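# Observations on the model geometry
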Amino acid sequence: MICFLFLSLFIASSYAQLKQNFYQKTCPNVESIVKAAVTKKFQQTFVTVPGTLRLFFHDCFVRGCDASVLLANANAEKDHPDDVSLAGDGFDTVIKAKAALDSNPSCRNQVSCADILALATRDVIALSGGPSYSVELGRRDGRISTKASVQNNLPHPDFKLDQLNSMFAKHGLSQTDMIALSGAHTLGFSHCGKFSSRIYSKSGIDPTLNRQYALQLRQMCPINVDPRIAINMDPTTPQTFDNAYFKNLQQGKGLFVSDQILFTDNRSRPTVNQFASSNTAFNQAFVAAITKLGRVGVLTGNQGEIRRDCTLAN
């Protein structure tokens, strides 16, 4: 109990040092510079949106929000099987924003890669029709990135509710937070190999999956197809950040087991129904959840560093 209390106080003191105007004296235009770079990247390819958002989630769930997922070495996080599908456009978004900041003399080497990723995530959400929100800043970059640190620290497509709740609870996130963050699956895509067991098995189609939707998935992912073929997570509005994800769950159109379980499990269904009925309620819950996510395991003060290159440790 004493150890837990100490850990809780340590975590609280770390994110308490985060503040919205952290760079007011060193790089007062940080938000506008990052937003301009992210907008330019967004105009080039929509993959920027889900790529950046997923990158932020994977970074925060492994070693905390310290940009360690960006680091390149012989044993890096990004090379773990759970991370190899991270879109290159997400990495490039951060790199482009970093270059834009470094082109400004007063901002050069002043802003952490972890904060750039947090800002870029907010911006891609807003650019795709989602809510804008204030981002707490002051994170430092981690120096360590290992494959081993990823193992068993990211949710899998076949997770049930208890597994999801347990993994999110380790980071101080509630079931409501987990459901709200799962709503990010209203954007982006996955690959045939990630859900093939739901449409092809000895017992047939997963009974929790809408049969007509399952047959459509079979057409897009026939037997022996390349498992890397991409399929939209949201079959209705895949390029708009909205509450369609939850409406899809009500119809049995959750692509992963970990998606559909949110509706089939009686404990989480009321929240799904709430978000499906109110886009405003979903947006508010999502902002609260992603703000909490952005505090997970943060390094502040002298705990980390400000990297000159987001892909390499100094």
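This text follows the structure it describes.
A quick note: this is a predicted structure, and the numbers were derived from the prediction, not measured. (Residues numbered from 1 in each chain as written. Predicted model: local features only at pLDDT ≥ 70, side-chain atom pairs only at ≥ 80, totals over all residues. Heavy atoms only, no water.)

### A word on the overall build of the protein chain
To be explicit about the condition: Helix and strand definitions follow DSSP, with helices as H or I runs of at least four residues and strands as E runs of at least two, each counted in order from the N terminus. Just to be clear, the radius of gyration here is over C-alpha atoms, and the globule rule we use is 2.2 Å times residues to the power 0.38. Per-residue accessibility, obtained with a 1.4 Å probe over protein chains only, is compared with the maximum for each type, and a residue is labelled buried under 20%, exposed over 50%, and partly exposed between these values. Contacts are residue-level and defined by heavy atoms, with any inter-residue pair within 4.5 Å sufficient. For the area figures, the Shrake-Rupley method with a 1.4 Å probe applies, and any residue is considered shielded solely by the protein chains shown. When charges are tallied, Lys and Arg are placed among the positive residues and Asp and Glu among the negative ones, while His and the ends of the chain are skipped. Lys charges are placed at NZ, Arg charges at CZ, Asp charges at CG and Glu charges at CD.
When you go through the protein chain residue by residue, the secondary structure sums to 13 helices and two strands. For the protein chain, the C-alpha radius of gyration of 19 Å lies close to 20 Å, the compact-globule estimate for 314 residues. The dimensions of the protein chain, computed from C-alpha atoms along their principal axes, are 60 × 50 × 40 Å. Of all 314 residues assigned to the protein chain, the portion counted as buried reaches 50%. Taking the contacts inside the protein chain whose residues are at least 6 apart along the sequence as the reference set, 74% of them involve residues at least 24 apart. In the form shown here, the protein chain has an accessible surface area of approximately 14200 Å², with 53% of it arising from carbon and sulfur atoms. Within the protein chain, the 25 negative side-chain charges are centred at a point lying 1 Å from the centre of the 32 positive side-chain charges.

### A look at the layout of surface pockets
Which entries qualify depends on this criterion: Space inside and on the surface of the protein is sampled on a 1 Å grid over the protein atoms alone, with a cavity defined as a set of points where a 1.4 Å probe fits but cannot get out and a pocket as an open set with protein on both sides within 12 Å along at least 5 of 7 lines; lining residues have an atom within 4 Å of a point. Grid points are joined across faces, edges and corners, and a volume is the space filled by probe spheres set on the points. Polarity classes work like this: nonpolar for Ala, Val, Leu, Ile, Met, Phe, Trp, Tyr, Cys and Pro, charged for Asp, Glu, Lys and Arg, and polar for all others, with Gly in that last group.
In this model, the largest pocket occupies a volume close to 880 Å³. Along the wall of the largest pocket there are 36 residues; nearest its centre are Arg54, Phe57, His58, His185 and Phe256. Of all the secondary structure elements, the ones that give two or more residues to the lining of the largest pocket are helix 3 (48–61), helix 6 (161–169), helix 7 (175–182), strand 1 (189–191), helix 11 (257–264) and helix 13 (279–293). Of all the elements, helix 3 adds the most residues to the lining of the largest pocket, at seven residues. Grouping the amino acids of the lining of the largest pocket by side-chain chemistry returns 22 nonpolar, 10 polar and four charged.

### Digging into the pattern of salt bridges
Counted only if it meets this: Every case where a carboxyl oxygen of Asp or Glu lies within 4 Å of a side-chain nitrogen of Lys or Arg is listed as a salt bridge.
For the coordinates displayed, the defined rule picks out 15 salt bridges. Two residues, Lys78 and Asp79, come together in a salt bridge whose shortest N-O distance is 3.7 Å. With a relative accessible area of 25%, Lys78 lands in the partly exposed category. Taking the shortest distance from any N to any O, the salt bridge between Glu305 and Arg143 comes out at 3.6 Å.

### Digging into the state of the cysteines
Where we set the bar: Cysteine sulfur atoms that pair up within 2.5 Å are treated as a disulfide.
Under the defined criterion, the tally for this structure stands at four disulfides. Each sulfur of the disulfide joining Cys113 and Cys310 lies 2.1 Å from the other. Across the S-S bond of Cys113 and Cys310 the torsion is about -95°, and the bridge reads as left-handed. One end of the pair, Cys113, is in helix 5 (residues 113–127); the other, Cys310, is in the segment after helix 13, with 197 residues separating them in the sequence. With a relative accessible area of 3%, Cys310 lands in the buried category. The side chain of Cys192 participates in a disulfide bridge whose partner is Cys221; the two sulfur atoms lie 2.0 Å from each other. Here the S-S torsion is close to -70°, and the disulfide linking Cys192 with Cys221 is therefore left-handed. Here Cys221 lies in the loop between helix 9 (211–220) and strand 2 (230–232) and Cys192 lies in the loop between strand 1 and helix 8 (196–199), a separation of 29 residues in the sequence. On the accessibility criterion, Cys192 (4% relative accessible area) is buried.

### Some points on the packing of aromatic side chains
For clarity, the threshold we go by: Side-chain rings of Phe, Tyr and Trp, where Trp is taken by its six-membered ring, are said to pair if the distance between their centres is within 6.5 Å; with planes under 30 degrees apart they count as stacked, over 60 as edge-to-face, and otherwise as tilted.
Enumeration according to the criterion identifies 12 aromatic pairs in this entry. Taking the centre distance of 5.4 Å and the plane angle of 15° together, the rings of Phe241 and Phe282 count as stacked. Remark: Phe282 occurs in helix 13 and Phe241 occurs in the loop between strand 2 and helix 10 (244–250); sequence separation between them is 41 residues. Across the pair, Phe282 and Phe241 agree in class, each one buried. Note on Phe241 and Phe286: the rings are 4.9 Å apart at their centroids and 70° apart in plane angle, and the pair reads as edge-to-face.

Note that every value here comes from positions in space, so none of it alone points to a role or purpose.
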